[in-house]
Structure formats: structure tokens, C-alpha cells
Amino acid sequence: MTSLFKDNLKMLRQEKGIGQVELAKKLGVSKGIISLWENGLREPNMSSLIQLSKFFNVSIDYLVGLSD
């Protein structure tokens with residue numbers, strides 16, 4: 001999951017025109033967590049995946065690279 005997820009997350013965030021700090025605030029996590037996700041050093045839990053999919057209006061499958 002990591003390489004596709006981290007790339008998709010960064011792309012979606014940049015397309016939305018927001019920084020890591022703003023995304024972190026929207027999700028209720030630290031900026032460091034967003035950075036770790038985008039660098040492939042950590043993976044989000046299910047709750048975070050759900051929040052991300054709702055925020056970006058994409059499926060979890062898309063986020064983790066299982067669908068286009």
C-alpha cells in the first residue's frame with residue numbers, strides 16, 4: 001500500500017491546494033503524521049483512511065492504489 005498511497009495522498013493534497021498543516025488540522029492529526037504518510041514511513045489506520053476518502057471525495061481503494 002505504501003508507495004501508491006503516499007503518492008496518491010500527496011497528489012490529492014496538492015490538487016486541492018492545501019498544505020500538510022491544513023490537512024492535518026482538517027483530520028485532527030499532527031502535521032508530522034501527514035509528513036510520515038507522504039514519505040511512506042507510516043500508514044494510516046482505518047479511521048484515518050475513511051476521513052481521507054471523505055475529505056478528498058475518493059474511495060479508499062483509490063487512496064491505496066487498488067483502483068484508478
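Per chain, residues are indexed from 1 in the order of the written sequence. Restriction of local features to residues with pLDDT of at least 70 applies here, the model being predicted, together with a cutoff of 80 or more for giving and counting side-chain atom pairs; totals for whole chains, interfaces and linings are based on all residues. Side-chain figures throughout are based on the complete set of non-hydrogen atoms in the structure, without hydrogens or water.

Student: With reference to specific residues and values, describe the packing of aromatic side chains.
Tutor: Any two of the Phe, Tyr and Trp rings considered here, Trp counted by its six-membered ring, make a pair once their centres fall within 6.5 Å; the pair's planes then place it as stacked at under 30 degrees, edge-to-face at over 60, or tilted in between. Overall, the coordinates contain 2 aromatic pairs when judged by the stated rule. When the ring of F5 is compared with that of W37, the centres are 6.4 Å apart and the planes differ by 75°; the resulting orientation is edge-to-face. With F5 in helix α1 (residues 2-16) and W37 in helix α3 (residues 31-38), this residue pair connects regions lying 32 residues apart in the sequence. When sorted by exposure, F5 lands in the same class as W37, which is buried. Taking 5.0 Å as the distance between ring centres and 80° as the angle between the ring planes, the aromatic pair formed by F55 and F56 counts as edge-to-face. When its relative accessible area of 21% is taken as the criterion, F55 is described as partly exposed. Relative accessible area decides the class of each residue, using a 1.4 Å probe on protein chains only: under 20% of the type maximum gives buried, over 50% gives exposed, and in between gives partly exposed. With relative accessibility at 9%, the residue F56 sits in the buried group. Over a ring means this: the NZ of a Lys or the CZ of an Arg is within 6 Å of the ring centre and within 35 degrees of the ring normal. Directly above the ring of F55 sits K16, whose terminal nitrogen or CZ lies 4.8 Å from the centroid. Counting from the N terminus, the helices are DSSP H or I runs at least four residues long and the strands are E runs at least two residues long.

Student: Give me the lowdown on the pattern of salt bridges, citing residues and values where you can.
Tutor: When a carboxyl oxygen of Asp or Glu is within 4 Å of a side-chain nitrogen of Lys or Arg, the pair counts as a salt bridge. Scanning the model with the defined rule gives 2 salt bridges in all. When the shortest N-O distance is used, the salt bridge between K6 and D7 registers 3.7 Å. Under the relative-accessibility criterion, K6 is labelled partly exposed at 25%. E38 is paired through a salt bridge with R13; the nearest N and O atoms lie 2.6 Å apart.

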